[in-house]
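Understanding the architecture of this molecule
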Amino acid sequence: MMTDRDVLKVDVVNRYLDGKVTGPEAADELAISERQFRRYVSASRLKGAKGLLHGNRGKPSRRRIPDSVRKRVMELMLNEYREYNTSHIRDALEEEHDITLSYSCVWRIRSELQQATPKKHRVQTHRVRRAPAEREGQLVQVDGSTHVWLKDQGLSFTLIAFLDDATGKILGAVFREQEDAMGYIQVLHKVCETYGVPQALYADRHTIFQSPKKLTALQKARHEEPLTQVGVVLASLGIRRIAAQTPQAKGRVERLFGTLQDRLVNELCRHKIANMADANAFLPAFIRRYNARFQRAPADPSPAFSAWPEGLSPQHVFSCHYTRVVANDNTVSFGGLKLPIPGNERRRTYARATADLYLHYTGTLTIEHEGQRLARYKHDPASPVRLDHFVPAEPIVYSPTPEPEP
């Protein structure tokens, strides 16, 4: 079928051949060069009006998606990827089915199926954008997001994530029953173990990070501030804490959760994840794929992570630290329980002595005196390790007898 442009070309070439117009006049009418018009004339003399049509007219495009691939993509869109947004579908097709398509191609197929994207876009408020940190590990944004992560089961819990500001890479994440100090300490331990100690953490003003206690006169004189359990960990590692005044100030980690509440929720659903333990087991593989897709190169390629400080015990650092005075019956009070301290060859009793208690995020409670371990208790695995900075949120249950020394 000829277009209006094709009809005009045939008409002008025929008038030229009949001597009714000159070559320059015909070229001007078609808005082409005289050289190109001479090509039209040669093609018309050789093939007639068909010579003025493009040679690929009526032929399928070499970039056309094979019908079998298009059919497979449509089936996946209508079934497995029904709740995925367009960008997520494109990534999943490439990662899991080795089908590489452009975003616009996936969008056109979705339009043919009359399938609207589940992700609603809203107009963003204009804000002055802060330039990212230059080096990996120079600044890490941290936050927790409480959401219905397992939508088939309707289970809601909190995802705590650490995002590198320079690269946009997820350094670590964990699902917890609630946003708590133990979760942040656990992820920080993993980050330090995998990459090194970051220079600074960018967090909100949650009481997990800054204590609501009023300053004492001595603290005011020394320009100190009361530290939370997480604050003690950061101070011991020399990590600077930066308090965000608004959620928008740490917008990169906020946007991360917007992406995860779309992509991760659908991934957990498609892989039939039904509980928090399995969700945590699924996280490492998801984070590797996320980083491969979204990680960017930093302005300065040299990492800013520092080595682990000498003389520090990770078991002590990544724990909540408490002090107790041993009672006359050689026990310490903790979590509403009386925990006995067994005698040893050095001392028969530690009554009235000051003991250090280290509650690790794995649930192990270690009692020490002057650096010597006196007893260790294991948290009941049936109950989550959940301890508020001031008062236990609920009774913490430990095994009735100390574990044997290793």
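Our structure is the block above this text.
Residues numbered from 1 in each chain as written. Predicted model: local features only at pLDDT ≥ 70, side-chain atom pairs only at ≥ 80, totals over all residues. Heavy atoms only, no water.

Here we look at the overall build of the protein
Tallying secondary structure elements over the protein gives 12 helices and 11 strands in all. Put simply, the protein has 406 residues, and 41% of those count as buried. Sequence separation of 24 or more characterises 63% of the internal contacts of the protein that already satisfy a separation of 6 or more. Accessible surface, the protein: about 23,200 Å² in total, of which carbon and sulfur atoms supply 51%. (Helix = DSSP H or I, 4+ residues; strand = E, 2+ residues; numbered from the N terminus. Buried < 20%, exposed > 50% of the residue type's maximum accessible area, 1.4 Å probe, protein only. Contact = heavy atoms within 4.5 Å. Areas by Shrake-Rupley, 256 points an atom, 1.4 Å probe, with all protein chains shown as cover.)

What about the packing of helix α4 (residues 67–78) against helix α5 (residues 86–97)?
Closest axis-to-axis distance for the α4/α5 pair is 12 Å, and the angle between their directions is 115°. Crossing hand, α4 versus α5: right-handed. Taken together, the residues of α5 that come into contact with α4 (itself represented by R72, V73, L76 and M77) are I89, L93 and H97. Split into classes, the residues belonging to the contact of α4 with α5 amount to 5 nonpolar, 1 polar and 1 charged. (Axes fitted to C-alpha atoms, helices over the stretch in contact; angles between N-to-C directions. Left-handed = near helix turned anticlockwise from the far one by under 90°. Nonpolar A, V, L, I, M, F, W, Y, C, P; charged D, E, K, R; others polar.)

Thoughts on the pattern of salt bridges
On inspection of all chains with the given rule, the structure shows 19 salt bridges. The closest approach of N and O atoms between R270 and E96, which form a salt bridge, is 2.4 Å. On the criterion of sequence distance, the pair formed by R270 in helix α10 (residues 251–270) and E96 in helix α5 is long-range, its members being 174 residues apart. Taken together, the shared-partner salt bridges connect E80, E95, E96, E267, R270 and R289 into one network. (Salt bridge = Lys/Arg side-chain N within 4 Å of Asp/Glu carboxyl O.)

Quick look at the environment of R57
Mapping R57 onto the fold places it in the loop between α3 (34–47) and α4. Measuring from C-alpha to C-alpha, the distance between R57 and M2 comes to 9.9 Å, with 55 residues separating the pair along the chain.

Section: the nonpolar core
In this structure, F162, L188, L237, F318 and I367 are the most contacted members of the largest nonpolar core, which totals 45 residues. It is helix α7 (residues 181–194) that provides the largest number of residues to this core, a total of 8 residues. (Core = buried A, V, L, I, M, F, W, Y, C linked by side-chain atoms within 4.5 Å.)

With respect to the sheet that holds strand β10 (residues 364–369)
Across the sheet, 4 strands lie side by side as β6-β9-β10-β11; this open sheet has antiparallel pairing. In the strand order of this sheet, the two ends are held by β6 (319–325) and β11 (372–378), each with one partner. Strand-to-strand, the axes of this sheet are offset by a mean angle of 20°, without reference to chain direction. Pairing geometry for strand β9 (residues 354–360) and β10, over 4 bridges, is antiparallel. (Pairing = 2+ DSSP bridges.)

A word on the environment of V140
Among the structural elements, V140 can be located in strand β1 (residues 140–150). V140 sits in the buried class, given a relative accessible area of 1%. With residues up to four places along the chain from it excluded, the contact list for V140 reads F162, L163, D164, L171, P198, A200, L201 and Y202.

Here's the deal with the sheet that holds strand β3 (residues 170–176)
Either a parallel or an antiparallel arrangement is found when strands of a sheet pair, and the pairing is made through backbone hydrogen bonds. Pairing is mixed across the open sheet formed by 5 strands, whose spatial order is β3-β2-β1-β4-β5. Lying at the two open borders of the sheet, with one neighbouring strand each, are β3 and β5 (240–243). Direction aside, neighbouring strands of the sheet carry axes that sit 25° apart on average. Pairing of strand β2 (residues 155–164) with β3 involves 6 bridges; the strand directions are antiparallel. The residue of β3 that forms the bridge with L163 is I170. Contacts from α7 reach β1, β2 and β3, with the element oriented near 150° to β3. In the packing of α10 onto the sheet, contacts are made with β1, β2 and β3, and the angle to β1 comes to roughly 30°.

Some thoughts on empty space enclosed by the protein
Scanning the model with the defined rule gives 3 cavities of 30 Å³ or more in all. The volume enclosed by the largest cavity comes to roughly 100 Å³. Taken together, H88, D91, A92, E95, R263, E267, F286, R289, Y290, R293 and F294 form the lining of the largest cavity. Where the lining of the largest cavity is concerned, the elements lending two or more residues are α5, α10 and α11 (276–294). Counting residues per element, the lining of the largest cavity draws most heavily on α11, at 5 residues. Of the residues belonging to the lining of the largest cavity, the class tally is 4 nonpolar, 1 polar and 6 charged. Looking at the second largest cavity, its volume works out to about 50 Å³. Together, F162, Y184, I185, L188, L201, F209, V230, V233 and L234 line the second largest cavity. Mapped onto the lining of the second largest cavity, the elements with two or more residues apiece are α7 and α9 (229–237). Considered class by class, the residues forming the lining of the second largest cavity number 9 nonpolar, no polar and no charged. (1 Å grid on protein atoms, 1.4 Å probe; cavity = no way out; pocket = protein on both sides within 12 Å on 5 of 7 lines; lining within 4 Å. Points joined across faces, edges and corners; volume = space filled by probe spheres on them.)

Digging into the packing of helix α1 (residues 4–17) against helix α2 (residues 23–30)
Following both chains from N to C, one finds α1 and α2 inclined at 170°, their axes separated by 10 Å at the closest point. Here α1 is positioned roughly antiparallel relative to α2, judged by the angle of their axes. Of α2, the residues touching α1 (which contributes R5, L8, K9, V12, R15 and Y16) are G23, A26, E29 and L30. (Parallel < 35°, antiparallel > 145°, perpendicular 65-115°, else oblique.)

Here we look at the side chain of Q141
Positionally, Q141 belongs in strand β1. Side chain to side chain, Q141 and D165 meet in a polar contact 2.8 Å long. Not counting the four nearest positions on each side in its chain, Q141 is found in contact with R130, A161, F162, L163, D165, Y202, K250, G251, R252 and V253. (Polar contact = N/O pair within 3.5 Å; in protein donor to acceptor, adjacent residues only side chain to side chain.)

Side note on α2
Of all the positions in α2, only G23, A26, A27 and L30 are classed as buried. Across the axial projection of α2, the buried residues extend over an arc of 100°, all falling on one side. Residues of α2 that are buried sit in contact with α1 and α3. Of the residues flanking the end of α2, it is A31, one or two places downstream, whose phi is positive at about 60°. (Arc of directions from axis to C-beta.)

Shape descriptors only; they carry no functional weight alone.
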